[in-house]
Amino acid sequence: MACPKFSILPILFILVSASVTASDPILEKFSECVCLNTEIPVPVASAFYTPNTTSFNTFLKSSAQNLRYLVPSQPKPEFIFTPLHDTHVQAAVICSKQLRIHMRVRSGGHDYEGLSYVSQMEKPFVLVDLARLRGVKVDINDNSALVQAGATIGELYYRISQKSKTHGFPAGLCTSLGVGGHITGGAYGPMMRKYGLGADNVIDAWIVDVNGRILNRESMGEDLFWAIRGGGGASFGIILWWKIRLVPVPSTVTVFTVPRTLEQGATKLLYRWQQVADKLDEDLFIRVIISVNDEGKGKKTVGAAFNSVFLGGVDRLLHIMGESFPELGLTRKDCTETSWIGSVLYIGGFPSGTLPEILLQGNSTFKNYFKAKSDFVKEPIPEKALEGLWKRLMEEESPLMIWNPYGGMMSKISDSEIPFPHRKGNIFKIQYLTTWQDGEKNATNHMKWIRRLYNYMAPYVSMFPRTAYVNYRDLDLGVNKESNASFIKASVWGVKYFKDNFNRLVHVKTKVDPDNFFRHEQSIPPFPQFLKGAVQGLE
């Protein structure tokens with residue numbers, strides 16, 4: 001049943017929601033407050049999940065990507081609220097603020113450190129999950145689309161493909177990413193070298209601010225609009241909708257994966273890839289997936305899979321590869337011509353022949369216990385260093401590295417155009433991963449291994465600062481430990497994610513959320529109290 005209205009609300013509210021709020025005074029106050037602050041009824045019985053209901057754990061786990069943050073020892077929300085309308089999100093902000101209840105917000109659950117659904121710094125906390133806000137409206141005539149924060153990037157891709165075979169959107173490879181959080185960190189994908197990031201192609205946005213108001217680009221102003229496109233999620237408000245610019249794609253897209261092991265010359269091939277990856281035709285995206293292969297009888301080797309999407313047909317691809325990267329030995333047999341939506345399924349790891357409708361399910365193809373880190377590379381890593389890297393990879397049970405090429409459009413956009421600063425001068429980005437399946441049992445050993453690997457790579461990656469990608473969240477870089485976050489401490493990790501843009505992000509934060517209501521372990525802090533007057537004087 002929904003929230004009752006008018007003068008009999010207090011009596012009816014108790015009757016309607018007794019089963020939901022029983023023995024939970026925080027939930028009772030919150031749900032009553034939400035009902036009082038929205039004109040659109042909230043179905044209390046189905047919009048709230050509490051730990052004493054069987055569906056609570058199922059829903060909490062439904063979109064969480066990193067199983068490390070679902071183990072029993074991790075903090076759990078007091079309850080989960082699932083808004084069905086934008087005004088419900090407004091009410092949630094108003095009520096969380098009024099009742100002084102810490103809030104986390106989840107759109108897709110892919111935060112690498114679980115920050116969208118776990119709070120280590122404040123308890124109790126509540127989770128506002130946007131999974132039911134997943135509308136997509138595609139306007140081919142306007143070359144744009146409106147997409148709600150709770151939709152997955154795969155759903156967006158599918159809806160675009162149903163309207164046009166020659167339009168697309170340059171965002172993530174993992175199709176279960178929640179659009180809301182994905183774009184706030186930048187949103188890279190296989191068309192980044194042609195069109196830049198998803199965040200580079202945002203036209204407008206609707207956000208709930210700290211006062212519960214819904215603001216669009218015009219009403220929020222250009223500073224806040226700048227900050228939310230690449231400045232990381234959950235620091236400035238709650239994204240409700242993005243308006244995105246669609247980009248042209250050819251009717252024929254070609255994909256390929258060419259695997260090579262150390263015995264097949266992978267080391268020299270990877271060294272050569274580093275020399276050409278950022279200089280290839282901008283229609284061509286070749287990433288490298290590096291893993292350890294078990295060959296049986298106790299023997300291991302390192303495998304490198306050259307995994308590619310090319311915006312065009314196989315004939316032009318072979319011509320480009322023959323001129324620019326003949327060492328890979330690409331043949332027509334290695335290649336498959338498909339549509340753009342077909343390439344989405346391919347690069348997303350779906351089996352051959354999978355129908356695009358699977359994207360509407362929003363299911364993750366990667367759920368593991370894992371720890372991740374990231375780096376940016378400006379000079380090719382020498383072959384000798386690669387050999388040392390292979391040795392260290394083979395020490396771990398299930399390591400993974402993904403090298404993503406830059407160049408093309410990524411080098412043409414200014415470092416300060418949006419908060420995402422990793423542009424010209426970067427050859428590629430490294431993602432390091434270690435995954436395991438035995439929960440907390442050996443987690444410490446895996447964490448130690450990836451930290452040793454990260455230390456080993458220090459001489460071969462960016463320096464001063466050693467940069468990182470905010471959507472590959474890494475709490476090893478530093479954390480806010482309380483609501484009164486330290487600007488000095490946050491600068492340590494903030495400069496790694498955002499370089500010189502960090503100070504501007506702090507300036508925006510101080511203007512729009514001076515009391516740091518929207519916060520988490522790596523949220524943007526406001527300036528210290530004694531500097532806030534100076535900031536206001538600059539407005």
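Our subject in this report is the structure included herewith. Keep in mind that this is a model prediction, so the values were computed, not measured.

Here we come to the side chain of Gln90. With respect to the element layout, Gln90 can be found in helix H5 (residues 86-99). At 2.8 Å, the side chain of Gln90 forms a polar contact with the backbone oxygen of Gly212. Residues within four places of Gln90 in sequence aside, it is in contact with Val208, Gly212, Arg213 and Ile214.

Turning our eyes to something else, we now look at the pairing of strand E16 (residues 369-377). The element E16 is largely enclosed, with a buried count of nine among its nine residues. Burial along E16 is two-sided: the face carrying Tyr369, Lys371, Lys373, Asp375 and Val377 and the face carrying Phe370, Ala372, Ser374 and Phe376 are both buried. Relative to strand E18 (residues 428-436), E16 runs antiparallel, the two sharing nine bridges. Within E18, the position partnered with Asp375 by the bridge is Ile430.

Per the counting criterion, the structure on display carries one disulfide. Each sulfur in the disulfide pair Cys33 and Cys95 lies 2.2 Å from the other. Taking the sign of the S-S torsion, -90° for the link of Cys33 and Cys95, the bridge is left-handed. With Cys33 in helix H2 (residues 25-36) and Cys95 in helix H5, this residue pair connects regions lying 62 residues apart in the sequence.

One can describe the packing of helix H16 (residues 487-498) onto helix H17 (residues 501-512) by two numbers: an axis separation of 8 Å at closest approach and a directional angle of 125°. Relative to H17, the element H16 lies oblique. The interaxial crossing formed by H16 with H17 has right-handed handedness. Two secondary-structure elements touch here, H16 through Phe487, Ala490, Ser491, Gly494, Val495 and Phe498 and H17 through Asn501, Phe502, Asn503, Leu505 and Val506.

Once that is clear, we can look at the sheet that holds strand E8 (residues 202-208). Taken in spatial order, the five strands of this open sheet run E5-E6-E10-E8-E9, and their pairing is antiparallel. Of all strands in the sheet, those bounded by a partner on one side alone are strand E5 (136-139) and strand E9 (214-215). Contacts from helix H6 (residues 153-163) reach E5, strand E6 (144-148) and strand E10 (238-245), with the element oriented near 35° to E5.

Turning our eyes to something else, we now look at the sheet that holds strand E1 (residues 48-49). Strand order in the open sheet made by the four strands is E1-E2-E4-E3, with mixed pairing throughout. Both edges of this open sheet fall to E1 and strand E3 (102-106), since each of them pairs with a single strand only. Relative to strand E4 (residues 125-129), E3 is paired through five bridges, and the arrangement is parallel. Among the inter-strand pairings, Val105 is bridged to a residue of E4, identified as Val128.

A separate point is the pattern of salt bridges. A full pass over the atoms with the stated rule returns 31 salt bridges. Between Arg473 and Asp111 there is a salt bridge, with its nearest N and O atoms 3.8 Å apart. Taken as a pair, Arg473 in the loop between helix H15 (443-456) and H16 and Asp111 in the loop between E3 and E4 lie far apart in primary sequence, 362 residues in all. Asp111 matches Arg473 in its accessibility class, with the two residues each being buried. One salt bridge connects Lys268 with Glu383, and the closest N-O pair in it is separated by 3.3 Å.

Turning to the packing of H6 against helix H13 (residues 340-347), a few remarks are in order. One can describe the packing of H6 onto H13 by two numbers: an axis separation of 9 Å at closest approach and a directional angle of 160°. The orientation of H6 with respect to H13, classified from their angle, is roughly antiparallel. As for the relative orientation of H6 and H13, their crossing is left-handed in sense. On the side of H6, the interface is formed by Tyr157, Tyr158, Ile160 and Ser161, while H13 contributes Trp340, Ile341 and Val344.

This structure, assessed with the given rule, holds four cavities of 30 Å³ or more. In this structure, the largest cavity occupies an estimated 100 Å³ of space. What lines the largest cavity is a set of 14 residues, among which Pro190, Trp340, Ser343, Val344 and Ile347 lie closest to the centre. In terms of residue count, the dominant contributor to the lining of the largest cavity is H13 (four residues). Residue composition of the lining of the largest cavity, by class: twelve nonpolar, two polar and no charged.

Each aromatic ring pair is characterised by the separation of its centres together with the angle its planes make. Per the counting criterion, the structure on display carries 26 aromatic pairs. Within the aromatic cluster, the residues linked to one another by ring pairs are Tyr112, Tyr188, Phe370, Phe420, Tyr469 and Tyr472. Here Lys373 stacks its cationic end above the ring of Tyr454, 4.5 Å away from the centre of that ring. The side chain of Lys429 reaches across the aromatic face of Tyr188, ending 3.5 Å from its centre.

The rules behind these values
- Residues numbered from 1 in each chain as written.
- Predicted model: local features only at pLDDT ≥ 70, side-chain atom pairs only at ≥ 80, totals over all residues.
- Heavy atoms only, no water.
- Helix = DSSP H or I, 4+ residues; strand = E, 2+ residues; numbered from the N terminus.
- Polar contact = N/O pair within 3.5 Å; in protein donor to acceptor, adjacent residues only side chain to side chain.
- Contact = heavy atoms within 4.5 Å.
- Buried < 20%, exposed > 50% of the residue type's maximum accessible area, 1.4 Å probe, protein only.
- Pairing = 2+ DSSP bridges.
- Disulfide = S-S within 2.5 Å.
- Axes fitted to C-alpha atoms, helices over the stretch in contact; angles between N-to-C directions.
- Parallel < 35°, antiparallel > 145°, perpendicular 65-115°, else oblique.
- Left-handed = near helix turned anticlockwise from the far one by under 90°.
- Salt bridge = Lys/Arg side-chain N within 4 Å of Asp/Glu carboxyl O.
- 1 Å grid on protein atoms, 1.4 Å probe; cavity = no way out; pocket = protein on both sides within 12 Å on 5 of 7 lines; lining within 4 Å.
- Points joined across faces, edges and corners; volume = space filled by probe spheres on them.
- Nonpolar A, V, L, I, M, F, W, Y, C, P; charged D, E, K, R; others polar.
- Phe/Tyr/Trp six-rings, centres within 6.5 Å; stacked < 30°, edge-to-face > 60°.
- Lys NZ or Arg CZ within 6 Å of the ring centre and 35° of its normal.

Geometric descriptors of this kind do not, in isolation, establish any biological role.
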